[in-house]
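Residues per chain are reported as follows:
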Amino acid sequence: MKLLLFKKLLQVKKYFLGDSTIPGSSKLETRRILITNLLSILAVIIFSVDVYANYTENFFLLAAIEMALLVVIVVNYVAFRHTKNLLVAAALLTSVQSFTAIIALIIPGYGQEMAIFWVSSLPLYIFFLHGLKRGVLYSLINVFAIFMIIVVVEFKLYPELFSLDLLWQVFIGYMAVSLFVYYMEKIRSEYEKEVGSLAAERKVLLQEIHHRVKNNMQIMISLLWLQSQKIKNPEDSKIFLDNADRLSVMSLVHESLYSLDDLEFIDLKIYINDIIKKLQTITTYTLYQDIATLKVKMKDAMTLGLIINETVTNSMQHAFKDKNECEVYVTFSKDDNLCVLSIRDNGRNLISLDDLDEGFGFTLVRDLAKSLTNAEISLNLNSGLEIQIKFED
């Protein structure tokens with residue numbers, strides 16, 4: 001019930017504020033998009049209340065202006081909420097808010113304190129929504145607009161609402177707040193660039209590490225294979241080849257990590273598909289797979305890969321003696337946070353559960369599964385062998 005409610009809240013948030021995972025957008029850009037949509041909703045509420053209040057108090061000019069601006073905000077929100085065009089949406093929203101705050105200095109309707117508050121708060125979200133370069137441009141436009149209001153009042157071109165001294169104080173205050181916010185935004189921007197540079201360098205180093213680990217594993221696999229060719233006893237040679245196969249499965253993880261942008265999570269469907277393809281090349285048996293799309297951590301992916309490799313290999317070696325139609329099924333599903341891995345064959349059951357439990361292959365699978373969160377293993381010998389592992393994501 002709680003999970004369903006949480007999903008509904010996420011859907012509501014996504015509809016009204018936009019998606020929080022936007023491909024190609026940085027975290028800061030994503031936050032700016034969310035804040036832009038949030039400010040649009042707040043602006044609609046505030047303007048609606050102001051329009052009604054100014055109309056009932058006979059401030060018809062201000063009510064008409066706010067009504068027109070309210071329409072602009074609604075159209076802006078509807079048009080750009082889901083297209084993620086931050087520049088257009090933020091530009092329109094900033095223009096509307098700046099215009100409303102500045103005309104409050106000369107058009108009756110707002111109180112003196114409220115008008116000064118709206119003007120002084122403009123630099124805060126201007127620099128947050130637009131960054132340094134566009135923030136400076138919008139601030140200069142607002143400075144020019146406030147200065148022109150002072151000129152209009154100075155030369156008696158429009159009835160004076162606030163005193164000239166107060167307007168000069170607003171002008172100087174706006175300049176001071178803008179400079180302070182600009183300085184803070186500049187520090188934040190430089191810090192973000194430095195962190196981004198360090199992150200990029202770390203990513204390159206990690207990719208190089210995974211590449212070298214994969215190469216080293218390939219060398220170890222080659223050495224094991226060469227050593228197996230020199231051993232005359234087939235059972236002893238098989239030990240070397242089995243370990244080479246296990247290293248091959250582990251090397252696939254590192255190959256995926258250095259070839260993809262994500263260095264922490266692995267696409268399990270692609271990874272298991274690569275393992276099944278590798279196993280299919282060394283057998284005439286039919287291998288089926290049905291894998292859910294899911295990204296898992298490197299450690300979990302390697303564990304699942306080793307379990308699949310060990311179980312499928314054991315099925316190919318022991319389950320299909322004197323049997324023509326040989327099939328192995330590998331499935332992986334996820335329901336909420338419960339993951340289920342199932343490996344099943346249609347071979348003949350030549351051993352009991354007790355014998356299987358004491359075998360090296362199942363012992364290895366059981367020990368590997370212990371590294372998964374709250375893992376549970378179950379066995380079924382009806383119409384072949386099925387090993388099912390349930391664990392939490």
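Residues numbered from 1 in each chain as written. Predicted model: local features only at pLDDT ≥ 70, side-chain atom pairs only at ≥ 80, totals over all residues. Heavy atoms only, no water.

K.L.:
What is the right way to read the sheet that holds strand 7 (residues 386-392) from this model?
P.N.:
The strands making up a sheet are joined through hydrogen bonds of the backbone, oriented either antiparallel or parallel. Spatially, 2-4-5-7-6 is the arrangement adopted by the 5 strands of the open sheet, whose pairing is mixed. The open sheet is flanked by strand 2 (286-291) and strand 6 (376-380), the only strands paired with a single partner. Averaged over all neighbouring strand pairs, the angle between strand axes comes to 10 degrees, with direction disregarded. Of the pairings in the sheet, the one linking strand 2 to strand 4 (residues 327-335) comprises 6 bridges and is parallel in character. Residue Tyr288 lies in a different strand from strand 4, and its bridge partner there is Tyr329. With respect to the sheet, helix 8 (residues 268-280) is in contact with strand 2 and strand 4, its orientation differing from that of strand 2 by roughly 180 degrees. (Pairing = 2+ DSSP bridges. Helix = DSSP H or I, 4+ residues; strand = E, 2+ residues; numbered from the N terminus. Axes fitted to C-alpha atoms, helices over the stretch in contact; angles between N-to-C directions. Contact = heavy atoms within 4.5 Å.)

K.L.:
I tried to follow the environment of Glu264 on my own but got confused; where do I start?
P.N.:
Looking at the element boundaries, Glu264 is found in the loop between helix 7 (234-259) and strand 1 (265-267). For the pair Glu264 and Lys297, spaced 33 residues apart in sequence, the C-alpha to C-alpha distance is 5.9 Å.

K.L.:
Even after reading the chapter, I still don't get the confidence of the model for the chain, so can you show me in this structure?
P.N.:
Any region with low pLDDT has predicted coordinates that should not be read closely. Here the chain averages 77 in pLDDT, and 82% of its residues register 70 or above. Within the model, the stretch residues 19-24 combines pLDDT values under 50 with 11 contacts to residues more than four positions away or in other chains. (pLDDT = per-residue confidence, 0-100.)

K.L.:
Looking at this model, I keep getting lost on the environment of Leu381. Mind explaining?
P.N.:
Within the secondary structure, Leu381 sits in the loop between strand 6 and strand 7. The exposure class of Leu381 is partly exposed, given its relative accessible area of 22%. As a C-alpha pair, Leu381 and Arg344 span 37 residues in sequence and 9.5 Å in three-dimensional space. (Buried < 20%, exposed > 50% of the residue type's maximum accessible area, 1.4 Å probe, protein only.)

K.L.:
Would you take a moment to explain the packing of helix 8 against helix 9 (residues 298-318) for this structure?
P.N.:
Axis angle and axis distance: for two packed helices, these are the angle between their axes and the distance between the axes, and together they describe the pair. One way to put it is that helix 8 packs onto helix 9 with a least axis distance of 10 Å and a crossing angle of 30 degrees. As judged from the angle between their axes, helix 8 and helix 9 are roughly parallel. Our pair here, helix 8 against helix 9, has a crossing hand that is right-handed. In this structure, helix 8 contributes Leu268, Tyr271, Ile272, Ile275, Ile276, Lys278 and Leu279 to the contact, and helix 9 contributes Ala301, Met302, Leu304, Gly305, Ile308, Asn309, Val312, Thr313 and Met316. (Parallel < 35°, antiparallel > 145°, perpendicular 65-115°, else oblique. Left-handed = near helix turned anticlockwise from the far one by under 90°.)

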